[in-house]
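Spelled out from the first residue to the last, the chains are:
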Amino acid sequence: MKSLCHTFLKIPSLAVLVVIAAATASAQNPRIQTTNLDYLAAKASETVDVNIDERLMQLTAKFLSSKDPDEASVKELVNGLKGIYVKSFEFESEGQYTPADLESIRSQLRNPGWNRIVNVNSKKEGSVEVYLMSNGAQISGLAVLAAEPKEITIVNIIGPVDLEKLTQLEGNFGVPDLGIESSKPKRKN
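I will try to describe carefully the structure that is included in this document. In every chain, residue numbers begin from 1 and rise along the written sequence. With the structure being a predicted model, the display of local features is reserved for residues of pLDDT at least 70 and the display and counting of side-chain atom pairs for 80 or more, all residues being used for whole-chain, interface and lining totals. For side-chain calculations, the full set of non-hydrogen atoms in the structure is used, while hydrogens and water are omitted.

**Side note on the pattern of salt bridges**
- When a carboxyl oxygen of Asp or Glu is within 4 Å of a side-chain nitrogen of Lys or Arg, the pair counts as a salt bridge. As enumerated under the stated definition, the model contains six salt bridges in all.
- Across the salt bridge formed by K87 and D49, the nearest N and O atoms sit 3.7 Å from each other. Residue K87 is found in strand β2 (residues 83-90), and its partner D49 is found in strand β1 (residues 46-53); the two are separated by 38 residues along the sequence.
- Here E54 and K82 are joined by a salt bridge, their closest N and O atoms 3.4 Å apart. Here K82 lies in the loop between α3 (69-78) and β2 and E54 lies in helix α2 (residues 54-61), a separation of 28 residues in the sequence.
- For every residue, the accessible area obtained with a 1.4 Å probe (protein chains only) is divided by the maximum for its type, and the residue is called buried under 20%, exposed over 50%, and partly exposed between those limits. We classify E54 as partly exposed; its relative accessible area is 34%.
- When salt bridges that share partners are traced, they join D38, D49 and K87 into one network. Labels follow the DSSP assignment, with helices taken as runs of H or I lasting at least four residues and strands as runs of E lasting at least two, numbered in each case from the N terminus.

**Structural notes on the environment of F63**
- Secondary-structure assignment places F63 in the loop between α2 and α3.
- A C-alpha to C-alpha distance of 9.0 Å links F63 and K75, two positions twelve residues apart in sequence.

**Structural notes on the side chain of S88**
- Among the secondary structure elements, S88 is positioned in strand β2.
- At a separation of 3.4 Å, a polar atom in the side chain of S88 contacts the main-chain carbonyl oxygen of I152. Side-chain atoms alone can form a polar contact between residues adjacent in sequence; in general such a contact is a pair of N or O atoms within 3.5 Å, and within protein one must be able to donate a hydrogen while the other accepts it.

**Thoughts on the environment of S104**
- Looking at where S104 falls in the secondary structure, it is placed in helix α4 (residues 99-109).
- For the pair S104 and I32, spaced 72 residues apart in sequence, the C-alpha to C-alpha distance is 9.9 Å.
- Contact criterion: two residues are considered in contact whenever any of their non-hydrogen atoms come within 4.5 Å of each other. In this structure S104 touches N36 and L37, once residues within four positions along its chain are discounted.

**Considerations on the sheet that holds β2**
- Should DSSP find at least two bridges between two strands, the strands are regarded as paired. With antiparallel pairing, six strands are arranged side by side in an open sheet as β1-β2-β6-β5-β4-β3. Of all strands in the sheet, those bounded by a partner on one side alone are β1 and β3 (114-122). Adjacent strand axes in the sheet meet at a mean angle of 5 degrees, parallel and antiparallel pairs treated alike.
- Where strand β4 (residues 126-135) and strand β5 (residues 138-148) come together, nine bridges link them in antiparallel fashion. Paired with L132 across the two strands is L142, which belongs to β5.
- On the sheet, α2 packs against β1 and β2 and is oriented at approximately 90 degrees with respect to β1.
- Packing of α4 onto the sheet brings it into contact with β3, β4, β5 and β6 (151-158), and relative to β5 it is tilted by some 160 degrees. To get an axis, a line is fitted to the C-alpha atoms, and for a helix only the part in contact is used. The angle between two axes follows their N-to-C directions and goes from 0 to 180 degrees.

**With respect to empty space enclosed by the protein**
- Using a grid of 1 Å spacing that covers the protein atoms alone, one calls a set of points a cavity when a 1.4 Å probe fits there but cannot get out, and a pocket when the set is open and has protein on both sides within 12 Å along at least five of seven lines; lining residues are those with an atom within 4 Å of a point. Grid points are joined across faces, edges and corners, and a volume is the space filled by probe spheres set on the points. Evaluated as defined, the whole model comprises one cavity of 30 Å³ or more.
- R31, I32, T34, D49, V50, N51, Y85, V86, K87, I154 and N156 are the residues that line the largest cavity.
- Residue assignment for the lining of the largest cavity shows that the elements contributing at least two residues are β1, β2 and β6.
- Class assignment for the residues of the lining of the largest cavity results in five nonpolar, three polar and three charged. Gly falls in the polar group here, along with every residue not listed as nonpolar (Ala, Val, Leu, Ile, Met, Phe, Trp, Tyr, Cys, Pro) or charged (Asp, Glu, Lys, Arg).

**Thoughts on the pairing of β4**
- The pairing of β3 with β4 spans eight bridges and is classified as antiparallel. Note on β4: the bridge partner recorded for N121 is S127.
- Between β3 and β4, which pair antiparallel in sequence order, lie three residues.
- The turn linking β4 back onto β5 is made up of two residues, and G136 within it adopts a positive phi angle of 70 degrees.

Right under this line is the structure:
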């Protein structure tokens, strides 16, 4: 009887530990889920959907030249990344998406680990929010939510992100201009 009670008392403790571990693991996931926005594609005049996981990124990096300085820089940058995901919808008219659509993304970015580092709002031009997920001193993810009256864009980069080098990704892999200033001037082609 004593061992049955002892076993019974261990079960709730074990269940609590499993729930806490699962909650911590899901809270620290830098991947932003955007599938709930897929219905907007039917309303959009232009849609961009980029899904490059770690395997695809490494395969793509093999085709970048180490001899070309720009391609070599991009190759070095993507080497440690786990994924690049971009979803963008451009509409012919305003009012094609709702605040609830944006809230579905923002709610994920309120999870522990994510910190908003940029928040720009304009009644005429929309808003841009930039979030970083950090694990100690290392950045493990970046998310950008840009909403204009006729366009929304979500960028999600997973892996160790070097903000100094991040500007080199702009225009590559479907990543738009993120508006992140680099301390070194960009090269002109």
